[in-house]
Amino acid sequence: MLNVVGLCGSLRAASYNRMLMRLAEASMPTSMRLEVLPWRDVAIFDADVLAQGLPPAVAALRERVRRADGLLIVTPEYNFSIPGGLKNLIDWLSRGEDQPFAMKPVAILSATGGPLGGARVQYDLRKVMLFVNAMVMVKPEVFVGNVATKFNADGQCSDDATRKFVAAQMAAFEAWIAGVKRLATPAN
Ligand SMILES: Cc1cc2nc3c(=O)[nH]c(=O)nc-3n(C[C@H](O)[C@H](O)[C@H](O)COP(=O)(O)O)c2cc1C
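Anyway, here's the lowdown on the structure attached to this text. Because the structure is a prediction, the values reported are computed rather than measured. (Residues numbered from 1 in each chain as written. Predicted model: local features only at pLDDT ≥ 70, side-chain atom pairs only at ≥ 80, totals over all residues. Heavy atoms only, no water.)

**Focus: the nonpolar core**
Side chains of a nonpolar character, in soluble globular proteins, are inclined to be buried together. Counting 27 residues, the largest nonpolar core has Leu71, Phe101, Val106 and Met129 as the members making the most contacts within it. Contributing elements (two or more residues each) for this core: strand 1 (2–8), helix 3 (56–67), strand 3 (70–75), helix 4 (84–93), strand 4 (105–111) and helix 5 (119–131). Among the elements that line this core, the one with the most residues is helix 4, at 5 residues. Setting aside its immediate chain neighbours within four residues, methionine 129 contacts Leu71, Ile73, Ile90, Phe101, Val106, Ala134 and Val136. Counting 26 residues, the second-largest nonpolar core is a separate cluster that includes Leu2, Val4, Met28 and Leu34. (Core = buried A, V, L, I, M, F, W, Y, C linked by side-chain atoms within 4.5 Å. Buried < 20%, exposed > 50% of the residue type's maximum accessible area, 1.4 Å probe, protein only. Helix = DSSP H or I, 4+ residues; strand = E, 2+ residues; numbered from the N terminus. Contact = heavy atoms within 4.5 Å.)

Here is the structure:
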């Protein structure tokens with residue numbers, strides 16, 4: 001079984017990105033299972049607090065990311081970039097020699113109210129994840145633009161093309177996780 005953890009960049013109860021996360025979960029091959037990580041209570045990063053030790057909420061999230069076979073990030077775009085809360089969380093988790101993103105297979109999806117679907121946030125996120133040595137899958141990419149026309153109020157996706165893109169990405173992510181595991185395991 002591949003244990004994948006999910007981070008949603010929006011805390012909104014009716015978040016379209018959370019709906020997209022659920023669609024990704026429902027589209028996963030049977031070998032994968034998803035646990036969405038709660039991060040609402042993570043405080044603003046403060047190096048002085050870190051110097052006293054990782055806050056328990058951060059330490060727990062860090063461990064769950066570290067143990068996971070893969071990480072799924074599903075996020076809106078805020079002001080052409082990464083939502084502050086998500087970036088703050090990545091900053092916390094990235095500290096320390098044993099930071100959990102190194103060699104972690106990552107897939108990114110984004111949904112926005114506007115037509116571009118979060119192209120700009122994805123490339124900012126890729127840049128950040130590059131610094132922490134994450135193994136971000138390149139293709140297929142999933143950008144869900146005009147998202148309000150593609151999901152019903154009950155969270156179901158009504159757009160066939162979106163469902164196909166997400167299913168193709170999840171199938172590719174299964175293979176990506178296997179490929180990164182092979183790369184990370186020294187030949188013997
Ligand atoms: C602070 C803020 C900034 C936003 N900036 C962008 C943006 O740069 N590009 C974009 O396409 N949509 C932007 N939006 C609109 C979001 O795409 C839209 O609100 C989306 O539904 C948020 O995701 P959610 O439904 O998962 O909460 C912004 C929304 C907020 C709240």
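From this point, the discussion proceeds with the structure in view.
**Remarks on the packing of aromatic side chains**
The final tally for this structure, using the stated rule, is 1 aromatic pair. Pairing phenylalanine 45 with tryptophan 92 gives two aromatic rings, centres 4.8 Å apart and planes at 70°, and the pair type is edge-to-face. Taken together, the residues span a long stretch of sequence, with phenylalanine 45 in the loop between strand 2 (32–36) and helix 2 (47–51) and tryptophan 92 in helix 4 at a distance of 47 residues. The class for phenylalanine 45 is partly exposed, based on a relative accessible area of 27%. (Phe/Tyr/Trp six-rings, centres within 6.5 Å; stacked < 30°, edge-to-face > 60°.)

**Some words on the site of the ligand**
Close contacts around the ligand come from Ser10, Arg12, Ser15, Tyr16, Asn17, Pro76, Glu77, Tyr78, Asn79, Phe80, Thr112 and Gly113, and that covers them all. The side chain of asparagine 17 places a nitrogen or oxygen atom 2.8 Å from an oxygen atom of the ligand. Asparagine 79 is positioned with one of its backbone polar atoms (N or O) 2.8 Å from a nitrogen atom of the ligand. For the ligand, the accessible surface in isolation is 620 Å², of which the surrounding protein chains cover 69%. In terms of residue class, the shell around the ligand is made up of 4 nonpolar, 6 polar and 2 charged. (Near = heavy atom within 4 Å. Polar contact = N/O pair within 3.5 Å; in protein donor to acceptor, adjacent residues only side chain to side chain. Areas by Shrake-Rupley, 256 points an atom, 1.4 Å probe, with all protein chains shown as cover. Nonpolar A, V, L, I, M, F, W, Y, C, P; charged D, E, K, R; others polar.)

**Topic: the pairing of strand 3**
Counted residue by residue, strand 3 has 6 buried out of 6 residues, so it is predominantly covered. Burial along strand 3 is two-sided: Gly70, Leu72 and Val74 and Leu71, Ile73 and Thr75, pointing in opposite directions, are all buried. Alignment of strand 1 against strand 3, held across 5 bridges, turns out to be parallel. Bridge assignment links glycine 6 to a residue of strand 3, and that residue is leucine 72. Judged from the 5 bridges that link them, strand 3 and strand 4 form a sheet pairing that is parallel. The residue bridging isoleucine 73 from the neighbouring strand is isoleucine 108, located in strand 4. As a crossover connection, the stretch from strand 3 through helix 4 into strand 4 is right-handed. (Pairing = 2+ DSSP bridges. Right-handed = clockwise from strand over helix to strand, strands pointing away.)

Bear in mind that shape data such as this cannot, by itself, settle questions of function.
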